[in-house]
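Chain residues, written in single-letter form:
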Amino acid sequence: MIQRIKGTMDILPSETPLWRYIEGIMREEAEKYGYGEIRTPTFENTELFVRGVGDTTDVVQKEMYTFADRDEDRSISLRPEGTASVARAIIENGKCSDPMPLKYYYIISCFRHEKPQAGRSREFYQFGTEMFGSTSPASDATAIALASSVLRRLGLKNVKLHINSIGCKECRPAYRASLVEHFSSRRDKLCDTCKTRLEKNPLRLLDCKNPDCREGAELAPKTTEHLCPSCERSFNLLKNALDAMKIDYVVDSSIVRGLDYYTGTVFEFIADGIGAQSTVCGGGRYDGLVASLGGPELSGIGFAMGITRLIMAMREAGVDKIETKTPKVYIAAMGEGAMIKGLEIAERLRREGVFAECDVVGRSLKAQMKYANKISAEYTLIIGESELESGKAQLRNMQNGEQSEVELDSFVI
Ligand code: ATP
Ligand code: MG
């Protein structure tokens, strides 16, 4: 048997109603905050992610699905995330001169060659949003409020917001130097990856999961103590805005985010009780991204939520049971003539907007009634020879057993 590729999943009809419910809430909330949906291609020129996500990141170095295009001398990659594509799309579609801010959201699948485990797969699903054209902390607060309202509407109370500021072009170099100094003194204790990070991207040392590196990270100088006056003012304004919007948070200096484009505000929503992959949402400010892709200087703030991890958190909180639609009426038919009549009635009812089903297998009456029960039909209608002749049948309420006679060709329900 051919099996699905490791790290991918089938989402069956028994599960899709929960997915659609979650996605529906995401769309509703995003639109309430003035974001419009954008759809970009599943694959892009590899160069977009190398430049946009950053060539020192794990995502680009180890995780991207990259291949040569069939008929052209070109390298293509499946998108590992959504932000770079959206930034490319606004430049390419001439949106950078529109009135600001630009606000976009998307629900997409992304691809990363990671070690599959609970909450980590190779094709995974994200709800993401991007806002371009504001450097004000008001835009950070709005993005965070949107993420937070989605989580609230999903009923997730066990999720905590962690915020941090990783500084800008002005304050990052000095902070970077103090980090290098701190970690160099304990270089021997670092894992191999962190030894390379020390030269290439020392900020990334702060979110290494290795216990020895973690210990070093906890003792490391904090970004928030090295912010320039402008970054510090922005971070304070953000905190004031979140307080005013009644959004709880903790300042957490270990939040640095894995992708190169982040500057200033970064944040994560972390869920309790779903194991090691507990970040259900990650985001931040990426003021240099649009310019680095060849567009104008245009700042941005966005986030992405992993839908599988949200579902895990919803299960943990017991809020994953949602109502699904069941048939209004199931038409059981005995014999070919009745089956045709059943099809005719079901189709008439559906055109009137009713969820109607009829037997298409040709089973015994007993088996059909068992099936009607299984699919939780609200009413059943049984048609045999005599009903065909009289044009009337008994409509049975499956809940209380009450029956009433109806005209086959005209009854409404
Ligand atoms: P992590 O630290 O968990 O690897 P990340 O920083 O790589 O996350 P982002 O690129 O910011 O993640 O993606 C945003 C969100 O998408 C994450 O917070 C997570 O919920 C989800 N996500 C990321 N990678 C995966 C994956 N491989 N499988 C499932 N969900 C994922
Ligand atoms: Mg990752």
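We now turn to the structure provided with this report. Keep in mind that what you see is a predicted model, and the values were worked out from it rather than measured.

This part covers the site of ligand 1. Around ligand 1, 15 residues are found, and the nearest of them are Arg112, Glu114, Arg257, Thr279 and Arg309. At a separation of 2.6 Å, an oxygen atom of ligand 1 approaches a polar side-chain atom of arginine 112. Here an oxygen atom of ligand 1 sits 3.1 Å away from a polar atom, N or O, in the side chain of glutamine 126. Protein chains shield 89% of the accessible area of ligand 1, which is 580 Å² for the free molecule. Every element with two or more residues in the shell around ligand 1 is listed here: β6 (123–132), β10 (279–285) and β11 (300–306). With four residues, the top contributor of residues to the shell around ligand 1 is β10. Among the residues forming the shell around ligand 1, the class breakdown is four nonpolar, six polar and five charged.

Moving on: the environment of alanine 30. With respect to the helices, strands and loops of the structure, alanine 30 is situated in helix α1 (residues 16–32). Residue classification places alanine 30 among the buried residues on the basis of a relative accessible area of 0%. In sequence terms alanine 30 and threonine 265 are 235 residues apart; their C-alpha atoms lie 20 Å from each other. Ignoring anything within four residues of it in the chain, the contact list for alanine 30 reads Tyr35, Tyr105, Phe127 and Leu146.

With that settled, consider the pattern of salt bridges. This structure, assessed with the given rule, holds 29 salt bridges. With a shortest N-O distance of 3.4 Å, glutamate 199 and arginine 187 are connected by a salt bridge. With glutamate 199 in helix α7 (residues 192–200) and arginine 187 in the loop between α6 (172–184) and α7, this residue pair connects regions lying twelve residues apart in the sequence. In this structure, the salt-bridge partner of aspartate 287 is arginine 285, at a minimum N-O distance of 2.9 Å. Overall, the relative accessible area of 24% leaves aspartate 287 in the partly exposed class. When its relative accessible area of 5% is taken as the criterion, arginine 285 is described as buried. The network of salt bridges with common partners includes Glu28, Glu29, Lys32 and Arg153.

Calculation criteria
Counting from 1, residues in each chain are numbered in the order their sequence is written. Chains and ligands are labelled sequentially in the order written, the chains with letters from A and the ligands with numbers from 1. Two thresholds apply to this predicted model, a pLDDT of at least 70 for residue-level local features and 80 or more for giving and counting side-chain atom pairs, whereas whole-chain, interface and lining totals are computed over all residues. Based on all heavy atoms of the structure, the side-chain values leave hydrogens and waters out of the count. We define proximity as follows: a residue is near a molecule or strand when any one of its heavy atoms falls within 4 Å of that partner. For the purposes of these results, a polar contact is taken to be a pair of N or O atoms within 3.5 Å, where, inside protein, one atom must be able to donate a hydrogen and its partner to accept one; residues adjacent in sequence count only when each atom of the pair is a side-chain atom. Per-residue accessibility takes into account occlusion by the displayed protein chains alone, with areas from the Shrake-Rupley method and a 1.4 Å probe. Secondary structure is summarised from DSSP: a helix means a run of H or I of at least four residues, a strand means a run of E of at least two, and numbering begins at the N terminus for each. Residues are grouped as follows: Ala, Val, Leu, Ile, Met, Phe, Trp, Tyr, Cys and Pro are nonpolar; Asp, Glu, Lys and Arg are charged; all remaining types, including Gly, are polar. Throughout this description, buried means an accessible area under 20% of the type-specific maximum (1.4 Å probe, protein chains only), exposed means over 50%, and partly exposed covers the range between. By definition, residues are in contact when any of their heavy atoms lie within 4.5 Å. Counted as salt bridges are all cases of a side-chain nitrogen of Lys or Arg within 4 Å of a carboxyl oxygen of Asp or Glu.

Note that every value here comes from positions in space, so none of it alone points to a role or purpose.
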